[in-house]
Each structure stands twice: as C-alpha cells, then as structure tokens.
Amino acid sequence: MKSLHMLLRFAIVGGLILLLLIPLMLIRGVISEREAYRDEAYMRVAQSRAGAQTLTGPIRVVPWRETRQVESVDAAGVKKIETQVEESYWLQMPSSLEVEGGMQPDERRIGLFRVPVYTWKAKVRAAFNEDDYPVREGRVYGQPYLVVGIADVRGLVGSPKLSVDGQDLTLQPGLGDVAGMGKGLHVPVRGFNDPAGGMLAASAVELDLVLDGTRTLSVVPVGDDSRIAVKSSWPHPSFAGSFLPNQRAVDANGFNAQWSVSSLASQAQRQLRSSGDSEVEAVSVELVNPVDIYTQADRASKYGILFILLTFVGFILFELIKDLRIHPLQYLMVGLALAIFFLLLLSLSEHIPFWMAYLVSAVACIGLQAVYLSGVLRSRLRGLGFAGMLTVLYGALYGLLVSENNALLMGSLLLFGVLAAAMWITRRIDWYALGAAGK
C-alpha cells in the first residue's frame, strides 16, 4: 500500500538522521581535542615563561613565639605540667594601597596556537598606620618584616626597587612564615624596640617592579582603601575576579580600568589572616582573543542536526509534491556533506580568521550540494533552489554565532519560520489521498 510505503520512507529517513549523529559527535570530539591542545599550549607557555600572576601586598608581618605551661593528666591519672610552644605571626594591612601600571601585551606561538602574554610595569604605594599589637604573657615578638606575594616569581624582570620611609631596602626571596600568599619576597624592617609587645610605627612603602605573566593579572586589595589602575594596548580584555572596575574604557587602542575597593566590601584581609589555603578575593583582568574559534565551532556544530533535519524535510516534501523519488543513499551523501562543513570550519579557522573560514566552508559545501542535487533532482534549477535554501540556513547560523546575546531568540525565530514555511507549503496536501493512492 502507498500509506505503508510512505511510513517506511519516513522511518528510513529518521534512521538516517540518527545515523548521521555519529559523524557529528565525532566532529564535536575533534573540537574538544583541539581545545585541549590549545589549553596545553597555554600551560607550556606558563611553565617555560611565567603563569598567571597575582600580586598581594605589601603587608607588615610580626612573627611571635608563645610559651605556656599547661596542666594535663596522663593515662595513669597523674597530673603533670607540660610546656607548649606556639609560633605564628601578626599581620598588619596597609591603611591605603595604590597600585598602577601598564601591561605590555605580546603573543607566544606553540604550533598553531597563539598564547597572550604580558609584561607589567607596576608602581605600588602603601601607607601603614601605627599598630598596637597585643601583649600577652609568654609571648615574644621577633623581627618584623615586609612581605609581597607574587604568584610566580619567575616572572620578575630585574630586581624590584623597594623603599620604606625613603630608605632603599633589598628584597629577599620567600615569604618567611606567612602562608596563603603563594610565593613572593620579604625584607626585614624596623618598627619597634620592645619584643614583649608595643606599637608598630607608621610607615610608607614604595615598590617598583616589572613582572612577566601569561593571560591573567590579579591584584589582591589588601588595603583598608585600595585603588588599582591597569592599562594596556590590548583591545580585548575580560574583567573578572571579585570586583568589576569602577571606571573602564575599552576601544581599538586598548583599555584603561580603575578599581576602588574598601576593606568594608572585601573579605581579602580576613581571608589572609584566617586561612592559608583559601582563595583570596582579587581584582582581575585577562587578555583574551576576540574570537574563540573552538567555542564558535562547537556552538555551530550543535546546529548540525538541525541542518540535516531541515534539508531532509525539504527532500521529503519535494518527493511528495513532485513525485520524484530520492534514494536513501542520496539522503546519506547530502547529510555527510552537511556534516563535513563543521570539520572544514574548524580546520580552516585555525589558519585564517573565523569569518573567512566560515565563508570558504559555506561556499564550498553549498557549491558541492548545488552540483550534486542538480543531478539528483534532475534539474539545475531545483539544485540551485536547494542551494539557495542552504545559503539562507548558513547565513542564519552565522548570525546566531556572532550574536551570542540574542542566539536563543534568533534560533527560536528561525525554527518558527521554518515550521511556518513547511506548514504553508503543505497546507493543501491531502495526506489521506496520498496514503490511499495506489492501493
């Protein structure tokens, strides 16, 4: 019966659509693999040069050692006196912190991948108020010192210049007893005379340093009042971290961003004092590429099944209206040609700009389909008609990719439009008559 033949036809086409999910999934796997290679390139640059940088400080540290007598009871019930010794440190954060500097961007190539790097020339000014550190029985304070946390000290270019109250001091590697700030530098400073406790004198600190890093730069707002300014000629920054800039300007010539963070709004001071392992709040800027080709290619491949479905629906309607039979193998060839577009897009976009890769891939696939369908449909005009339909679909997909904020809206409108067109074309078809014909 004709109706059984039609049902079988739909079942075969549905099976082909499911079968074509396999190459689409393989292509998405290739995209994920290439993205992993890109991330590996970032790691290789970070390992050989310097990774993402985080500046913490300067902070004043006063180490202390406390001895106390504690009464305890052993297993036999005998009381005894034990001497317990505890060592830690007292942290003083600056009352005001000003950090400013320019990031000189550059790129490193690892194979096909470009990794953004930078050189940051920073000037840091910090002011410390007098600080009355606590006096406790049995506690003895040691020599105070100043610490500056740097995530990857390999990125230091030359020797940083540090002055405390106008006196030049030489920084030493390491953070002393301080935990939770990664790596960094320290220098002993004067501040008090009484090891039993007393008052740390007010102090002004200036630090000039040049720091290399990869992609991301972060600054921890450790001051009671922290003001941070970063500028660069890189035109595509991404502002992240715990605080967005209060003022920023981004154009083709670069960016200029300024943060103003109060300790009342930040948990950074408490986090540094309370824990040595938790991630500390910071302001952050990342140098990103304007178009992430792997994200774009992955987003495009998600619409692959939609392309195949719409094309196959067009074939079925054509068969019904024109009474022209199309072999399942021809369906499969057209579906594979549609799937190969996404692999072409991925491979070309690694060598040329994404928009150009998209254009070349679309023209190649549309041209191939036009020539093939002209033979399948026994008419050059029909082949060109389907090629025009594919051109509209590829154009709509590119609009979805470049308009990320409106992708859902545009995708919904596209689906609605296609469904409306299919309903309009088939509105006068008598499906019962088609099924009954040829009984």
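Our structure is the block above this text.
These lines cover the structure that appears in this document, whether it is placed above or below. Not measured: the values here are computed from a predicted model.

1. Topic: empty space enclosed by the protein
If you walk through the whole model with that rule in mind, you get one cavity of 30 Å³ or more. For the largest cavity, the calculated volume is near 30 Å³. The wall of the largest cavity is formed by L217, S218, V219, V230, W259, V283, S284 and V285. Taken together, the elements giving at least two residues each to the lining of the largest cavity come down to β14 (216–220) and β19 (283–287). Residues that form the lining of the largest cavity fall into these classes: six nonpolar, two polar and no charged.

2. Concerning the sheet that holds strand β9 (residues 167–169)
Reading across the sheet, the eight strands line up as β9-β8-β13-β4-β3-β15-β18-β17 and stay open at both edges, with mixed pairing between neighbours. Of all the strands in the sheet, the pair left with one neighbour each is β9 and β17 (247–251). Mean inter-strand twist for the sheet, computed between neighbouring axes without regard to direction, equals 20 degrees. In the sheet, strand β4 (residues 113–128) pairs with strand β13 (residues 203–214) via 12 bridges, with the strands oriented antiparallel. Across the sheet, residue F128 finds its bridge partner in β13, namely S203.

3. Describing the packing of helix α3 (residues 293–301) against helix α7 (residues 380–402)
The packing of two helices is summarised by the inter-axis angle and the distance between the axes. Two elements in contact, α3 and α7, have axes whose closest approach is 10 Å; the angle formed by their N-to-C orientations is 135 degrees. By the criterion of interaxial angle, the relationship of α3 to α7 is oblique. For the crossing formed where α3 meets α7, the hand is right-handed. Here Q296, R299 and A300 of α3 lie close against α7, whose contacting residues are L397, L400 and L401. Its residues placed into classes, the contact of α3 with α7 shows four nonpolar, one polar and one charged.

4. What to know about the nonpolar core
With 54 residues, the main nonpolar core has F312, F341, Y358, Y394 and L397 as its most contacted residues. For this core, the secondary structure elements donating two or more residues are α1 (2–48), β4, α3, α4 (304–322), α5 (328–349), α6 (354–376) and α7. Tallying contributions element by element places α1 first for this core, with 10 residues. Setting aside anything within four residues of it in sequence, one finds Y358 in contact with F341, L345, Y394, L397, Y398 and L401. Formed by 51 residues, the second largest nonpolar core is a distinct cluster that contains L55, A122, A268 and A282.

5. A few points about the pattern of salt bridges
Evaluated as defined, the whole model comprises 16 salt bridges. Between R125 and E98 there is a salt bridge whose closest N-O contact spans 3.0 Å. With R125 in strand β4 and E98 in strand β3 (residues 96–110), this pair connects stretches of sequence that are 27 residues apart. Residue E98 is classed as partly exposed on the basis of its relative accessible area, which comes to 35%. Between D152 and R154 there is a salt bridge, and its shortest N-O distance comes to 2.8 Å. Given a relative accessible area of 46%, R154 falls into the partly exposed group.

6. A word on the side chain of E66
Within the secondary structure, E66 is located in strand β1 (residues 53–73). Within the structure, the side chain of E66 is placed 3.0 Å from the side chain of R68, a separation counted as a polar contact. Within the structure, E66 has its side chain in polar contact with the side chain of R139 (distance 2.9 Å). Among all residues touching E66, those that are not within four sequence positions of it are Q84, V85, E86, R136, E137, G138 and R139.

7. Observations regarding the packing of aromatic side chains
For any pair of aromatic rings, the description rests on two quantities: the centre-to-centre distance and the angle between the ring planes. A full pass over the atoms with the stated rule returns nine aromatic pairs. Between F341 and Y394 the ring centres are 4.5 Å apart and the planes differ by 50 degrees, which places this aromatic pair in the tilted class. Taken together, the positions of F341 in helix α5 and Y394 in helix α7 put the pair 53 residues apart, joining distant regions of the chain. Neither residue differs from the other here; F341 and Y394 are each classed as buried. Considering the side-chain rings of F354 and Y358, the 6.5 Å spacing of their centres and the 40 degrees angle between planes classify their relative orientation as tilted. Taken together, the residues span about one helical turn, with F354 and Y358 both in helix α6 at a distance of four residues.

Calculation notes
Residues numbered from 1 in each chain as written. Predicted model: local features only at pLDDT ≥ 70, side-chain atom pairs only at ≥ 80, totals over all residues. Heavy atoms only, no water. 1 Å grid on protein atoms, 1.4 Å probe; cavity = no way out; pocket = protein on both sides within 12 Å on 5 of 7 lines; lining within 4 Å. Points joined across faces, edges and corners; volume = space filled by probe spheres on them. Helix = DSSP H or I, 4+ residues; strand = E, 2+ residues; numbered from the N terminus. Nonpolar A, V, L, I, M, F, W, Y, C, P; charged D, E, K, R; others polar. Pairing = 2+ DSSP bridges. Axes fitted to C-alpha atoms, helices over the stretch in contact; angles between N-to-C directions. Parallel < 35°, antiparallel > 145°, perpendicular 65-115°, else oblique. Left-handed = near helix turned anticlockwise from the far one by under 90°. Contact = heavy atoms within 4.5 Å. Core = buried A, V, L, I, M, F, W, Y, C linked by side-chain atoms within 4.5 Å. Buried < 20%, exposed > 50% of the residue type's maximum accessible area, 1.4 Å probe, protein only. Salt bridge = Lys/Arg side-chain N within 4 Å of Asp/Glu carboxyl O. Polar contact = N/O pair within 3.5 Å; in protein donor to acceptor, adjacent residues only side chain to side chain. Phe/Tyr/Trp six-rings, centres within 6.5 Å; stacked < 30°, edge-to-face > 60°.

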